[in-house]
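Structural characterization, general
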Amino acid sequence: MSTMSDSNKFDVEAKHIYEAHKEEWERLYNGKIIAIDVDANDLVSVGDHLKDVSLKARKERPGHRFFVRRVGKNPSVARLRNRNYV
């Protein structure tokens, strides 16, 4: 019996959110890098550079989990865990 790991569950959640908005996001942001806020179920940040997108996402929503990917056919995805260091 195989159980789904937390990271797999996270990836699946992020994929569902992307798929739900795919048409709109690919029309608006094709080729851009986006940060999907998995906890809030929406898009938090868009840009041309991974560093800028992830920085903005962390700043706007401290404590949330983000899934960062390129919009379009070539996703080149990255997973970001946002932790509070307070």
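In what follows, the structure referred to is the one given above.
To start, this report covers the structure provided alongside it. If you're wondering where the values come from, they're calculated on a predicted model, not measured in any experiment.

With respect to helix α1 (residues 6–29)
- Helix length check: α1 (24 residues) gives 28 Å between terminal C-alpha atoms against 34 Å at 1.5 Å per residue, more than 12% under.
- Of all the bends in α1, the largest measures some 70° and sits at lysine 22.
- Here α1 has its buried residues at Phe10, Ala14, Ile17, Tyr18, Trp25 and Glu26.
- Following α1 by one or two positions, glycine 31 adopts a phi angle in the positive range, close to 90°.

Let's talk about the pairing of strand β2 (residues 42–47)
- Direction of pairing for strand β1 (residues 33–37) relative to β2: antiparallel, over a ladder of five bridges. From the neighbouring strand, isoleucine 36 faces β2, where its bridge partner is leucine 43.
- Here β1 hands over to β2 after four residues, with asparagine 41 in that stretch at a positive phi of 70°.

A short note on the packing of aromatic side chains
- In the structure shown here, the tally under the stated rule is two aromatic pairs.
- The interplanar angle of 55° and the centroid separation of 6.2 Å between the aromatic rings of phenylalanine 10 and phenylalanine 67 together place this pair among those described as tilted. Taken as a pair, phenylalanine 10 in helix α1 and phenylalanine 67 in strand β3 (residues 66–70) lie far apart in primary sequence, 57 residues in all. Comparing phenylalanine 10 with phenylalanine 67, the two get one shared label, buried.
- Between tyrosine 18 and tryptophan 25 the ring centres are 6.1 Å apart and the planes differ by 55°, which places this aromatic pair in the tilted class. Residue tyrosine 18 shares its accessibility class with tryptophan 25, and that shared class is buried.
- Lying across the ring of tyrosine 18, arginine 69 places its NZ or CZ 3.6 Å from the centre.

Describing the pattern of salt bridges
- Using the criterion set out here, one finds six salt bridges in the structure.
- Between lysine 56 and glutamate 60 there is a salt bridge, with the nearest N and O atoms lying 3.5 Å from each other. In this pair, lysine 56 and glutamate 60 both sit in helix α2 (residues 50–60), four residues apart, roughly one turn of the helix.
- Residue glutamate 60 is classed as partly exposed on the basis of its relative accessible area, which comes to 47%.
- One salt-bridge network, held together by shared partners, links Glu13, Asp39 and Arg65.

Rules of the game
Residues numbered from 1 in each chain as written. Predicted model: local features only at pLDDT ≥ 70, side-chain atom pairs only at ≥ 80, totals over all residues. Heavy atoms only, no water. Helix = DSSP H or I, 4+ residues; strand = E, 2+ residues; numbered from the N terminus. Expected span 1.5 Å × (residues − 1). Bend = angle between axes of the 7 residues up to and from the residue. Buried < 20%, exposed > 50% of the residue type's maximum accessible area, 1.4 Å probe, protein only. Pairing = 2+ DSSP bridges. Phe/Tyr/Trp six-rings, centres within 6.5 Å; stacked < 30°, edge-to-face > 60°. Lys NZ or Arg CZ within 6 Å of the ring centre and 35° of its normal. Salt bridge = Lys/Arg side-chain N within 4 Å of Asp/Glu carboxyl O.

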